[in-house]
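# Tertiary structure, described
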Amino acid sequence: MTDHAHPFATLTPDFVLDALAALGLMGDGRLMTLNSYENRVYLAHLEPGTPLAEAHPAVVLKFYRPGRWTQAQIEEEHAFARELAAAEVPVVAPLVIDGRTLHRHGDFWFSLTPRRGGRAPELGDADTLAWMGRFLARLHLVGARQAFVHRPALDLRSHGVEPREWLLAHAALPPEAERAWAEVSQDAIDHIAAGADWASSETHFDHPTRPIATLRLHADCHVGNILWTPTEQPGGGPHFVDLDDCRSGPAVQDLWMLLAGERAERQRQLGALLDGYEQVRAFDRRELALIEPLRTLRLIHYSAWLAQRAHDPAFAAAFAGFGTPDYWRGQTALLREQIEAMAEPPLCA
């Protein structure tokens, strides 16, 4: 597939500025492409003259990847972001223009949000981790108010069974690596499914006597998706700029990706996170047993996510080693390590 055959090839600077103009906003010609692989995101500076431009001299336009989410799913993401913002949870919510947060131009759905900067948080600092814990607990208090109607759940089928089946059905692996990966990925899924005290092999997290609660989550809570502003500034601290991957699932999904290093270091980080979290919201300690299964599911799901976008020019440039025999041998080794990790006692706090 050539670059021009990809749908995003039509997103020229003129197209982006025309999308703005269709909303009654005029760009001043300054347009910057921002880092995003899943969607296409641009920073546009606005000409003064409208109330929105006076309030937000620069806005971020996000054009959604065609076919990934339905209109109802995107609007539910926007509603969740605005519900969080109304509860003073630091999330950058989409702007309402003509009564809508989601707009159509050509073949694309797109949204506008205010520009908000920041840097990655320092997760080696216990005070920062405790602040992150309070931030996520506040997000989860809102997330637990009601369930998603249109957004999917994070579960064994959606993040393990289905992506594995897709990869094998579409011959995404080189022949010399396929058998070993297929066997170890099935072993990993079987190991997770056998944990009958917490996981259903079909759809959801469960427990024989008391279900593990699920709620609306950010669901992709790694350090690259969090921006930190100096705490001495008004509104300083962490904030999310995007909820594109929000789903329902167990609360620990929004915690475990902030843990890194050897077991002792992850234990320390978890303690600091939960010290902050439990100042705001109770945490079910049974969920700690889900950390390694959730990490395992992410590995399988991530490989399928990459394979499904292999023809996107942005992915080809950023993930040059993807799909090679060495890539899949590495994934096979990681899944073997995860099977061993899932057999160990979970972290405690």
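This is a predicted model, so every value here is computed, not measured. (Residues numbered from 1 in each chain as written. Predicted model: local features only at pLDDT ≥ 70, side-chain atom pairs only at ≥ 80, totals over all residues. Heavy atoms only, no water.)

## A word on the sheet that holds strand S3 (residues 58-63)
The strands that make up a sheet pair up through hydrogen bonds in the backbone, lying either parallel or antiparallel. Pairing within the open sheet is antiparallel, and its 5 strands lie in the order S1-S2-S3-S5-S4. Each edge of the sheet is formed by a strand with only one pairing partner; in this case those strands are strand S1 (27-34) and strand S4 (103-105). Taking the axes of each pair of neighbouring strands and ignoring which way they run, one obtains an average angle of 35° across the sheet. (Pairing = 2+ DSSP bridges. Helix = DSSP H or I, 4+ residues; strand = E, 2+ residues; numbered from the N terminus. Axes fitted to C-alpha atoms, helices over the stretch in contact; angles between N-to-C directions.)

## A closer look at the pairing of strand S5 (residues 108-114)
Where burial is concerned, most of S5 is hidden: 6 out of the 7 residues are buried. Of the pairings in the sheet, the one linking S3 to S5 comprises 5 bridges and is antiparallel in character. Note that in S5 the partner of Phe63 across the bridge is Phe110. One ladder, built from 3 bridges, connects S4 with S5; its direction is antiparallel. The residue of S5 that forms the bridge with His105 is Phe108. Here S4 folds back onto S5 in antiparallel fashion, the turn holding 2 residues, of which Gly106 has a positive phi close to 60°. (Buried < 20%, exposed > 50% of the residue type's maximum accessible area, 1.4 Å probe, protein only.)

## Some points on the packing of helix H9 (residues 291-307) against helix H11 (residues 325-343)
For the pair H9 and H11, the least separation of the axes is 9 Å and the interaxial angle reads 165°. With respect to H11, the element H9 is oriented roughly antiparallel. H9 and H11 meet at a crossing whose hand is left-handed. Residue-level inspection shows Glu292, Pro293, Arg295, Thr296, Leu299, Ile300, Ser303 and Leu306 of H9 in contact with H11, the latter providing Tyr327, Trp328, Gln331, Leu334, Leu335, Gln338, Ala341 and Met342. The class makeup of the residues in the contact of H9 with H11 is 10 nonpolar, 4 polar and 2 charged. (Parallel < 35°, antiparallel > 145°, perpendicular 65-115°, else oblique. Left-handed = near helix turned anticlockwise from the far one by under 90°. Contact = heavy atoms within 4.5 Å. Nonpolar A, V, L, I, M, F, W, Y, C, P; charged D, E, K, R; others polar.)

## Quick look at the confidence of the model for the protein chain
This prediction gives the protein chain a mean pLDDT of 91; 95% of its residues lie at or above 70. The model gives residues 196-204 a pLDDT under 50, and that stretch makes 23 contacts with residues more than four places away or in other chains. (pLDDT = per-residue confidence, 0-100.)

## Details of the layout of surface pockets
In this structure, the largest pocket encloses a volume near 1,300 Å³. Considering the residues around the largest pocket, the lining is formed by 48 residues, among which Asn35, Ser36, Gly224, Asn225 and Asp242 are closest to the centre. Where the lining of the largest pocket is concerned, the elements lending two or more residues are strand S2 (40-46), S3, helix H3 (71-86), S5, strand S7 (226-229) and H9. Of the residues forming the lining of the largest pocket, the biggest block, 6 residues, is contributed by H9. By residue class, the composition of the lining of the largest pocket is 22 nonpolar, 14 polar and 12 charged. Size it by volume and the second largest pocket reaches roughly 410 Å³. (1 Å grid on protein atoms, 1.4 Å probe; cavity = no way out; pocket = protein on both sides within 12 Å on 5 of 7 lines; lining within 4 Å. Points joined across faces, edges and corners; volume = space filled by probe spheres on them.)

## Concerning the packing of aromatic side chains
For any two aromatic rings, the description comes down to two numbers: the centre-to-centre distance and the angle of the planes. Per the counting criterion, the structure on display carries 19 aromatic pairs. Judged by centre distance (5.4 Å) and plane angle (70°), the rings of Trp131 and Trp228 are edge-to-face. Here Trp131, found in helix H4 (residues 126-143), pairs with Trp228, found in strand S7; they are 97 residues apart in sequence, far enough to count as distant. Accessibility expressed as a relative area gives 29% for Trp131, which makes it partly exposed. Judged by relative accessible area, Trp228 falls into the buried class, the value being 7%. Each ring, one from Phe322 and one from Tyr327, has its centre 4.8 Å from the other, and the planes form 65°; the classification is edge-to-face. Aromatic rings pair up to connect Phe8, Phe15, Tyr42, Phe63, Phe108 and Phe110 into one cluster. It is Arg104 that lies over the ring of Trp109; its NZ or CZ is 4.8 Å from the centre. (Phe/Tyr/Trp six-rings, centres within 6.5 Å; stacked < 30°, edge-to-face > 60°. Lys NZ or Arg CZ within 6 Å of the ring centre and 35° of its normal.)

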